[in-house]
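Residues per chain, in single letters:
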Amino acid sequence: MCRLFGVIANKEVDMDFSFNLADKPFREFAKSNPHGWGIGYYDKGKARVIKQGLEEVGTISNYNFSVVETVRSRIILSHVRYATYGNSSKVNAHPFIFKNWIFAHNGSVNRECLKGYLSEDYLRLIEGNTDSEVYFLLIMQEIERHGDVLEGIKSALSMVYNCENYTGLNFILSDGHRIYAYRDASSNEKYYSLYLLKRENPDYDLFEYLSEETRQLLRSKSLRGERAVLVSSEKLTKERWTLIPLKNLVIVSPNLEITFISL
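Residues numbered from 1 in each chain as written. Predicted model: local features only at pLDDT ≥ 70, side-chain atom pairs only at ≥ 80, totals over all residues. Heavy atoms only, no water.

Participant: Can you help me understand the overall build of the protein chain in this one?
Facilitator: A tally of regular secondary structure across the protein chain gives six helices and 16 strands. Every one of the 263 residues in the protein chain was classed for burial, and the buried ones make up 56%. Look at the contacts in the protein chain between residues 6 or more apart in sequence, and 69% of them connect residues 24 or more apart. Total accessible area computed for the protein chain in this model is approximately 11,700 Å², and 46% of it derives from carbon and sulfur atoms. (Helix = DSSP H or I, 4+ residues; strand = E, 2+ residues; numbered from the N terminus. Buried < 20%, exposed > 50% of the residue type's maximum accessible area, 1.4 Å probe, protein only. Contact = heavy atoms within 4.5 Å. Areas by Shrake-Rupley, 256 points an atom, 1.4 Å probe, with all protein chains shown as cover.)

This is the structure in structure tokens:
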């Protein structure tokens, strides 16, 4: 699995994943040792998240990926965490939930500066000590304030840019109907990649990929022959993935129409 992954399909799909470290020497583990993992999805229209932190389980071998075996949803978001802000606890693992929104982020932002833009009501919602959670709550606050998703995202991003000192702003966000994906970085653009793929009835027996970056195995039997749009930090297959340009927001509608918006 990659750092960020999201799928929206024309019907419910499954997504199975696990760490695959057996072919790597111990010295390589530190490079790919994530500090938490999580998967977000919608169950009968209600946002759900399953996640674990390295602090609670101790080692990667104790992660329990079997808990997601029954997950089936039209929209699934997943994340593998490399800690920049905050400890490696479950509360700091992605994705995050607010009302019926699910959010996962790759990169770092200026946490303390962004907190200065949050109202008291939103400040009280902070549970962990990550920058990503604050980034998410700022987007939620601005969407609510503007009464419009696009204007809210634009407003939140303007505050992030005002605060400076960010590395990557890549996120995948969903309201249960659409997926919103944004890509930007202050440097190291190759690392902060974000790709998009629209799958139109591919004749695959199994969708399966072993991540080059995190040594995780991602697979889905139900993506065979299904229409879907995938968003990922990596190209997961040999299909024709599109690199999302910097400062671009991608919106994928319930009928899988894709819109690029330069912000």
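After that view of the structure, there is still more to cover.
Participant: In this structure, what is going on with the nonpolar core? I would like to understand it.
Facilitator: Soluble globular proteins tend to pack their nonpolar side chains together in the buried interior. Tyr 135, Ile 139, Met 140, Ile 153, Phe 171 and Leu 173 are the most contacted members of the largest nonpolar core, which totals 33 residues. Among the secondary structure elements, those contributing two or more residues to this core are strand S6 (96-98), strand S7 (101-106), helix H5 (131-146), helix H6 (149-163), strand S8 (170-174), strand S9 (179-183) and strand S15 (248-252). In terms of residues, this core owes the most to one element, H5, which gives eight residues. Apart from the residues within four sequence positions on either side, Phe 171 is in contact with Leu 4, Phe 103, Ala 104, His 105, Tyr 135, Ile 139, Ile 153, Tyr 180, Ala 181, Tyr 182, Leu 194 and Leu 249. Of all hydrophobic cores here, the second largest spans 26 residues; its members include Val 13, Phe 17, Phe 65 and Trp 241. (Core = buried A, V, L, I, M, F, W, Y, C linked by side-chain atoms within 4.5 Å.)

Participant: I keep staring at the packing of aromatic side chains and nothing clicks. Help me out?
Facilitator: Ring pairs (aromatic) are described by centroid distance and by the angle formed between their planes. Tallied over the entire structure, the rule returns nine aromatic pairs. For the pair Trp 101 and Tyr 180, a centre-to-centre distance of 6.2 Å together with 40° between the ring planes defines the contact as tilted. Here Trp 101, found in strand S7, pairs with Tyr 180, found in strand S9; they are 79 residues apart in sequence, far enough to count as distant. For the pair Trp 101 and Tyr 180, one class covers both residues: buried. An aromatic cluster is defined as three or more aromatic residues linked by ring pairs; in this entry it consists of Phe 103, Tyr 135, Phe 136, Phe 171 and Tyr 182. (Phe/Tyr/Trp six-rings, centres within 6.5 Å; stacked < 30°, edge-to-face > 60°.)

Participant: I tried to follow the state of the cysteines on my own but got confused; where do I start?
Facilitator: Any covalent bond linking the sulfur atoms of two cysteines counts as a disulfide. Taken as a whole and assessed by the stated rule, the structure comprises one disulfide. Here Cys 113 engages in a disulfide with Cys 163; their sulfurs sit 2.0 Å apart. Linking Cys 113 and Cys 163, the disulfide has an S-S dihedral of approximately -80° and is accordingly described as left-handed. In this pair, Cys 113 sits in helix H3 (residues 111-115) while Cys 163 sits in helix H6, placing the two residues 50 residues apart along the sequence. Take Cys 163: its relative accessible area is 6%, and that puts it in the buried class. (Disulfide = S-S within 2.5 Å.)

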